[in-house]
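Reading the structure
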Amino acid sequence: MATRKSGPLDAMVGARISILRVSRGMSQATLAERIGVTFQQVQKYERGTTRVGASRLSQIASMLGVSVGELFESSGAGSPGLNSPVQLLAEPGALRVLKAYARTTSPRVRLCIAKLVESIASRTPGAKATVALFNAVDRGERRKFPREDSLPQEDERQSRAAP
């Protein structure tokens, strides 16, 4: 009898489980307890090293509040990879970076974060020059956004508003 090995589809489903679980603030241990397995088994499912059976997949989908179909990414033309948001978010640390970015409200800071990450990713010798050039070019933009240290603190705003 042939042994069953996990494949790319298992890894993709595992990545979706991981993304949905983290986005709901659920730990691997909590999900494991709710579906009746160990957290190590959930780790194996999420890494795609162990296949998820149909009934277990149904339980996981139910615990995550999605349909089983939502655990499968629609297969469009071309291969997944850097064009697939699911694959991008499955990269280690990607969701943490995205959540931190989302907590940042300043458009200027968001632009700086994007340019910094792109500069690091390109790993070109001109990366430092790009950041320095960005600082020089953006001087006009800086006038549009007040510096954070120049903004009044919460208690200062309240005292100014009091009669």
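Residues numbered from 1 in each chain as written. Predicted model: local features only at pLDDT ≥ 70, side-chain atom pairs only at ≥ 80, totals over all residues. Heavy atoms only, no water.

1. Considering the overall build of the chain
What counts is decided by this rule: Numbered from the N terminus, helices here are DSSP runs of H or I no shorter than four residues, and strands are runs of E no shorter than two. Only protein chains enter the calculation, and the probe is 1.4 Å; a residue is then buried if its accessible area is under 20% of its type maximum, exposed if over 50%, and partly exposed in between.
Secondary structure summary: the chain contains 10 helices and 0 strands in total. Each helix (α) and strand (β) of the chain, taken in turn from the N terminus, gives the series α-α-α-α-α-α-α-α-α-α. For the chain, buried positions account for 22% of its 163 residues.

2. Section: helix H2 (residues 28–35)
As a reminder, the rule being used: Each direction from the helix axis to a C-beta atom contributes to the arc, which is the arc of those directions. Contacts are assigned to residue pairs with any non-hydrogen atoms lying within 4.5 Å of each other.
Every buried residue of H2 is listed here: Gln-28, Leu-31, Ala-32 and Ile-35. Each buried residue of H2 sits inside an arc of 100° when the element is viewed along its axis, so together they form one side. On its buried face, H2 is in contact with helix H1 (8–23), helix H3 (39–47) and helix H4 (54–64). Downstream of H2 by one or two residues, Gly-36 has phi in the positive range, about 80°.

3. A closer look at the confidence of the model for the chain
Heads up, the rule is: Confidence of the predictor at the level of single residues is captured by pLDDT, which takes values from 0 to 100.
Residues of the chain with pLDDT of at least 70 account for 64%, and the chain-wide mean is 76. Across the chain, the element-wise mean pLDDT spans from 48 in helix H8 (residues 127–137) up to 96 in H2. This model gives residues 75–80 a pLDDT under 50, and the stretch forms 2 contacts once residues within four places in sequence are excluded. Taken together, the stretch residues 129–133 has pLDDT below 50 and engages in 1 contact with residues farther than four places along the chain or on a different chain.

4. Description of a nonpolar patch on the surface
Going by this rule: Patch members must show over 30% relative accessible area and no salt bridge, and they are joined within 9 Å when carrying like charges or within 5 Å when they are nonpolar side chains of Val, Leu, Ile, Met, Phe, Trp or Tyr. Exposure was quantified through the Shrake-Rupley algorithm and a 1.4 Å probe, taking into account, for residues, occlusion by the shown protein chains and nothing else. Each salt bridge in this description consists of a side-chain nitrogen of Lys or Arg and a carboxyl oxygen of Asp or Glu lying within 4 Å of one another.
A grouping of Leu-9, Val-68 and Phe-72 is seen on the molecular surface, where their side chains present a nonpolar patch of about 240 Å² in accessible area. As for its placement among the helices and strands, Phe-72 is situated in the loop between H4 and helix H5 (85–90).

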